Amino acid sequence: MVQGLAVSYVRVEDVERISPRMLRIGFSGDALASLMEDRPDQQMKLCFPRAGQRVPRLPEPDAEDTYGMRWYEAYLAIPEPERPLMRSFTVRSYDPGSGLMAVDFVLHGDDGPATRWARTAGPGDVAGMVGPSSAYARPLPRAGHLLLAGDESALPAIGTILEALPAGARVTVCAEVADAAEEQRFDSAAEVTVCWVHRDRGASLLDAVRSAELPQGDTAGWLAGEAGTVRALRRHLVEERGLPRSAVEFSGYWRRALTQDDAPTEEDLAWAAERAAETP
Ligand SMILES: Cc1cc2nc3c(=O)[nH]c(=O)nc-3n(C[C@H](O)[C@H](O)[C@H](O)COP(=O)(O)OP(=O)(O)OC[C@H]3O[C@@H](n4cnc5c(N)ncnc54)[C@H](O)[C@@H]3O)c2cc1C
């Protein structure tokens, strides 16, 4: 178990295009073996070098700084032209044998620094990594039936959750992707029904979840993806399907026309407060 905030460097070993708009990058790193935990949906932040830098400049972590507040202050104190650009990602897999961590990058078109970096990444390129940390782990809500809903940015997390669920678990996945070429296959011991939602056919994730068959009184939800859609999905599950708020785990992964460098909107703050209030 790593004390305090984990900050490390990871090095690209291989890059594989798993679908037209999704790149899987395999990373090695001296710290990976001690950082990876045996749980699905491990989230972390990757830090990308600025133009002209080969390796991103990262402040040293401090063992007492469990939630990383001091580290983040030191990060913000780096002059902006040298400060690494930081974005959130999910550990798609970690193989202790090869020591490789896979991260899936959506090539979403409206490129920000993460997508730009991933498009040209090759063996030897270095990124910084903050986390993953069990301090931010959110347990899956429990019920006889689980609904996992999200867009392609949530597919890595959905994949890890499905792989971790035991035989006998019942799951409905509603996944929104650009088109049929973006569909993925998932391994799971659970009983899984997958509904793919294709944007090129004008389909919407909200409509798919609205028409999903969910056992009354025995369903929990896990939602991730574009923040506005996640809010609409959660409202539907709580207000129209009657799921208890505590049975719906939700996370806005990205915001339309905004980046993770932009300040939270009033609505973001209100939802963050609500999410925090419901954390057991
Ligand atoms: C906990 C967590 C886990 C995540 N895991 C993953 C993961 O494993 N793989 C992954 O690819 N993403 C993941 N994301 C989402 C990812 O952090 C964002 O998509 C991020 O904005 C990408 O950074 P960027 O530099 O490409 O674009 P940014 O600079 O952040 O944004 C540039 C523009 O692109 C738009 N944009 C950003 N993301 C998307 C998108 N997915 N689709 C369409 N438009 C978009 C923004 O609205 C903005 O206009 C995760 C997010 C969170 C919070």
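Chemist: Sorry, what's going on with the environment of Pro123 here?
Modeler: By the secondary structure assignment, Pro123 is in the loop between α3 (113–120) and β7 (126–130). A residue is classified by how much of its surface remains accessible, and Pro123, at 63% relative accessible area, is exposed. Separated by 98 residues in the primary sequence, Pro123 and Ile25 have C-alpha atoms spaced 9.5 Å apart. Pro123 has contacts with Val12 and Glu13, leaving out every residue within four places of it along the chain.

Chemist: In this structure, what is going on with unusual backbone geometry? I would like to understand it.
Modeler: The residue after Gly131, namely Pro132, is reached through a cis peptide bond having omega -5°. Mapping Pro132 onto the fold places it in the loop between β7 and β8 (145–151). In this structure, Asp41 is a non-glycine residue whose phi angle is positive, near 55°. Look at Ala257: it is not a glycine, yet its phi comes out positive at around 65°. Examined against the element boundaries, Ala257 turns out to sit in the loop between β12 (248–254) and α7 (266–278). For Ala257, a relative accessible area of 73% gives the class exposed.

Chemist: Is there a simple way to explain the domain arrangement of the chain in this structure?
Modeler: How large an interface is tends to be reported as the accessible area lost when its parts come together. The assigned domain composition of the chain is domain 1 (7–135) and domain 2 (138–278). Between domain 1 and domain 2, the contact holds 18 residues from the first and 21 residues from the second. Taken together, the two surfaces of domain 1 and domain 2 that pack against each other cover about 1600 Å², and 49% of this comes from carbon and sulfur. Along the contact surface separating domain 1 from domain 2 lie 4 salt bridges.

Chemist: Would you explain the packing of aromatic side chains in this entry?
Modeler: Aromatic rings considered in pairs are described by the distance between their centres and by the relative angle of their planes. According to the stated counting rule, one finds 8 aromatic pairs in the structure shown. Measuring from centroid to centroid gives 6.2 Å for Phe27 and Trp117, while their planes differ by 10°, and the two rings are stacked. Here the residue Phe27 occupies a position in strand β2 (residues 22–28), and Trp117 occupies one in helix α3, the gap between them amounting to 90 residues. Accessibility assignment for this pair places Phe27 and Trp117 in one class, buried.

Chemist: Got a minute to help me understand the state of the cysteines in this structure?
Modeler: As used here, a disulfide is simply a covalent bond connecting the sulfur atoms of two cysteines. This model, assessed by the stated rule, comprises 0 disulfides. The closest cysteine sulfur to the non-disulfide-bonded Cys174 is located on Cys195, 4.6 Å from its own sulfur. Among the residues examined, Cys174 registers a relative accessible area of 0% and is labelled buried. Note on Cys195: relative accessible area 29%, which makes it partly exposed.

What counts and how
Residues numbered from 1 in each chain as written. Predicted model: local features only at pLDDT ≥ 70, side-chain atom pairs only at ≥ 80, totals over all residues. Heavy atoms only, no water. Helix = DSSP H or I, 4+ residues; strand = E, 2+ residues; numbered from the N terminus. Buried < 20%, exposed > 50% of the residue type's maximum accessible area, 1.4 Å probe, protein only. Contact = heavy atoms within 4.5 Å. Domains from an automatic or database assignment. Buried area = accessible area lost by both parts, 1.4 Å probe. Salt bridge = Lys/Arg side-chain N within 4 Å of Asp/Glu carboxyl O. Phe/Tyr/Trp six-rings, centres within 6.5 Å; stacked < 30°, edge-to-face > 60°. Disulfide = S-S within 2.5 Å.

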